[in-house]
Amino acid sequence: MELPDFLGFEDFNRVRSRMGAERLGAFEFFDPRLHLTADERVRLAGGIEAGWSVLRCLHDYTLAYKNSRVLLWVQVAGTDPEAQIYHLAYCRTLQKLRRERPEQRLGLGTRLPDTDTWPKRVCASCLQQLQFQGYDAARTRHRNYSERVLEDFDLEAFFRQYPVYPLASKVLLALDSVG
Ligand SMILES: [Zn+2]
């Protein structure tokens, strides 16, 4: 069925201009494979457990679960150094982990979980991958600066630069999952 072109419909245009709605905006049909429900967004904020197959790596190397950017931590007990950090990008450490532990369960969230324990520290390899705020540990003369970026890292500032939600479906559809 072909819909009439409402853009040429004078009454609508008058209402639109009276509302001050100059831009037409975009509308996407809800697709449960791509779009988080309101419930899922709440759960994701608190942290969920998932496997590699739900994870996408965006073109800027940040991580996405459905149409939300996420941070990732690995739920390993004990003193595994992997348990101490959280990731924001599909960094080298994470790529290695994906190869070595394809069955690994992952913690995904849009903020850090409310626990006093780990993970507390952002992954340096992620900052390197993103060149976040000019972070580059490979440049010796730059090292003090890079160490400061790592020490002063602020998750809120990160998400201001890389907005959490919503990611465009056409971007997501062009990407495979990392699993
Ligand atoms: Zn990382």
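Residues numbered from 1 in each chain as written. Predicted model: local features only at pLDDT ≥ 70, side-chain atom pairs only at ≥ 80, totals over all residues.

(A) Focus on the overall build of the protein chain. Per the secondary structure count, the protein chain includes seven helices and seven strands. Start at the N end of the protein chain and walk to the C end: the helices and strands fall as α-α-β-β-β-β-β-α-β-β-α-α-α-α. Counting the 179 residues in the protein chain, one finds 22% classified as buried. Partitioning the intrachain contacts of the protein chain with sequence separation of at least 6 by distance along the chain shows that 74% fall at a separation of at least 24. (Helix = DSSP H or I, 4+ residues; strand = E, 2+ residues; numbered from the N terminus. Buried ≥ 20, exposed ≤ 12 C-beta atoms within 10 Å, placed from the backbone. Contact = placed C-beta atoms within 7 Å.)

(B) Expanded view of the pairing of strand β6 (residues 106–109). As defined by bridge partners, strand β1 (residues 48–50) adjoins β6 across three bridges and the pair is classed as antiparallel. Residue pairing in the sheet places I48 in a bridge with L108 of β6. Sheet topology places strand β4 (residues 68–74) next to β6; four bridges connect them, and they run antiparallel. Looking at the pairing, V74 lines up with L106 of β6. (Pairing = 2+ DSSP bridges.)

(C) Geometry of the environment of D136. When you line up the elements, D136 lands in the loop between α4 (124–130) and α5 (143–151). Residue classification places D136 among the partly exposed residues on the basis of 15 C-beta atoms within 10 Å. The residues contacting D136, other than those within four sequence positions of it, are Q128, Q131, H142 and S146.

(D) Fine view of unusual backbone geometry. With omega at -10 degrees, the peptide bond leading from Y165 into P166 counts as cis. Inspection of the secondary structure puts P166 in the loop between α6 (155–161) and α7 (169–173). Phi is positive for Y61, which is not a glycine, with a value near 80 degrees. On the secondary structure map, Y61 appears in the loop between β2 (55–57) and β3 (63–65). Taking the number of C-beta atoms within 10 Å as the measure of exposure, Y61 has 16 and is therefore partly exposed. If you check the backbone angles, Q133 has positive phi at about 50 degrees while not being a glycine.

(E) Geometry of the pairing of β4. A large share of β4 lies buried, amounting to seven of its seven residues. Burial along β4 is two-sided: the residues S68, V70, L72 and V74 and R69, L71 and W73 are all buried. Relative to β4, β3 runs antiparallel, the two sharing three bridges. Of the residues in β4, the one forming a bridge with A64 is R69. Remark: two residues form the turn of the hairpin made by β3 and β4, two consecutive strands paired antiparallel; K66 in that turn has positive phi of roughly 50 degrees. Relative to strand β5 (residues 85–87), β4 is paired through two bridges, and the arrangement is antiparallel. The residue bridging L72 from the neighbouring strand is H87, located in β5.

(F) Expanded view of the environment of R33. Take R33: it is sitting in the loop between α1 (10–19) and α2 (38–46). In this structure the C-alpha to C-alpha distance between R33 and V54, which are 21 residues apart in sequence, comes to 9.6 Å.

(G) Focus on the nonpolar core. In this structure, L63, V70, L72, L88 and C126 are the most contacted members of the largest nonpolar core, which totals 27 residues. When residues of this core are traced back to their parent elements, those giving at least two are β3, β4 and α4. Element by element, the count of residues in this core is highest for β4, at five residues. The contact partners of L72, leaving out residues within four places of it in the chain, are L63, Y86, H87, L106, G107 and L108. (Core = buried A, V, L, I, M, F, W, Y, C linked by C-beta atoms within 7 Å.)

(H) Layout of the confidence of the model for the protein chain. Model confidence for the protein chain is summarised by a mean pLDDT of 87, while 85% of its residues fall at 70 or above. Of all the helices and strands in the protein chain, α1 carries the lowest mean pLDDT, 76, while β3 carries the highest, 98. (pLDDT = per-residue confidence, 0-100.)

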